[in-house]
Amino acid sequence: MNLFDRLGNGWNIGITSLKVLRANKQLIIFPILSGISLILILGSFFTVLLAGAGWHMDEVRASDQGTGRYLFLFVYYLINYFVVVFFNMALVHCTHLYFKGEEVSIEAGIRFSFSRIGALFAWSMFAATIGLILRILSENLGWIGKIIIGLIGIAWSIATFFVVPVIAYENLGPVDAFKRSANMMRQKWGERIGAGFSFGLLSFLGFLIFGIGFFLIGMVFSPIAAVILAVLGILLVSAIVSAAKTIFISAVYHNINGDPIDHFNQQMIDNLFVQK
């Protein structure tokens, strides 16, 4: 399959994922809740740092070193990973229900994530540890080290592509879940992600249409309203694309495991990644 066919497949699967989201509009609530939670977490950690420094920014910068800093970062990474995977798992399960022809509800997704709370926490601990190690190495290896660590980070994100459905439906620990996800990617998909182009282009067009469009509408009232509306438009596009990506991951995971998926063409998914 040539590059243009691969990109065409990616585009088609991306559009199909959006159609599934359109049929289940309530699923967009998961990335929205995740985003709001992450903003609140960031605000809470910043407040704790500022309060600990006597509400002086200079003191925050001065204390930004040492073992305590890395412990603080680890806890921050842990909570962030947990929140992201929690809501992504809820969305994956709702997609699973939809593919099976069962009723989809926000409550069902949240309840399922709570039922996997132990696996979620174990994975979050593992991912936070990896994230902290990469952060420490990046800060201590100079600019060449930063490049190398950046490449390792990209490899990590690719290898963990299927981690959420794996920890949702397979009784595996974090290390085995990582190996399982990486193995699925390597065996079934090869190295090039055609759908990335689809979602990237959709994001770009969405940012242009909603970001600029909302900004121009807001300018009718005031510059502040224009900025607020533009930010809301960008956040809306981000939530839609994030939900569609998770639906896409869920669909492909079930396809690889031989589960029937009525809304995706199996040949198209099989050929999305080309093996060497």
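For clarity, every value in this text was computed on a predicted model and none was experimentally measured.

Caption draft 1: Representation of the pattern of salt bridges within the structure. Scanning the model with the defined rule gives three salt bridges in all. Across the salt bridge formed by Glu 102 and Lys 100, the nearest N and O atoms sit 3.2 Å from each other. On the basis of relative accessibility, which here comes to 39%, the residue Glu 102 falls in the partly exposed class. Here Arg 180 and Glu 170 are joined by a salt bridge, their closest N and O atoms 3.0 Å apart. Taken together, the residues span a long stretch of sequence, with Arg 180 in helix H9 (residues 174-189) and Glu 170 in the loop between helix H8 (163-169) and H9 at a distance of 10 residues.

Caption draft 2: View of the packing of helix H6 (residues 117-140) against helix H7 (residues 142-159). Axis separation between H6 and H7 bottoms out at 7 Å; the angle between their running directions is 160 degrees. As summarised for this structure, H6 and H7 are arranged roughly antiparallel, according to the angle between their axes. In this structure, the crossing between H6 and H7 has a hand that is left-handed. Residues Trp 123, Phe 126, Ala 127, Ile 130, Leu 134, Leu 137, Ser 138, Glu 139 and Asn 140 of H6 form the contact with H7, whose participating residues are Gly 142, Lys 146, Ile 149, Ile 152 and Trp 156. By residue class, the composition of the contact of H6 with H7 is nine nonpolar, three polar and two charged.

Caption draft 3: How the structure looks around the nonpolar core. If you look at the biggest cluster of nonpolar residues, it comprises 51 residues, and the most contacted ones within it are Leu 27, Phe 30, Phe 162 and Ile 167. Here this core gets 12 residues from one element, more than from any other, and that element is helix H4 (residues 67-99). Here Leu 27 is in contact with Leu 21, Leu 91, Cys 94, Thr 95, Val 104, Ile 106 and Ile 247, once residues within four sequence places are set aside. Judged by nonpolar contacts, the second largest core, of seven residues, contains Tyr 70, Tyr 77, Leu 78 and Ala 128.

Rules and cut-offs
- Residues numbered from 1 in each chain as written.
- Predicted model: local features only at pLDDT ≥ 70, side-chain atom pairs only at ≥ 80, totals over all residues.
- Heavy atoms only, no water.
- Salt bridge = Lys/Arg side-chain N within 4 Å of Asp/Glu carboxyl O.
- Buried < 20%, exposed > 50% of the residue type's maximum accessible area, 1.4 Å probe, protein only.
- Helix = DSSP H or I, 4+ residues; strand = E, 2+ residues; numbered from the N terminus.
- Axes fitted to C-alpha atoms, helices over the stretch in contact; angles between N-to-C directions.
- Parallel < 35°, antiparallel > 145°, perpendicular 65-115°, else oblique.
- Left-handed = near helix turned anticlockwise from the far one by under 90°.
- Contact = heavy atoms within 4.5 Å.
- Nonpolar A, V, L, I, M, F, W, Y, C, P; charged D, E, K, R; others polar.
- Core = buried A, V, L, I, M, F, W, Y, C linked by side-chain atoms within 4.5 Å.

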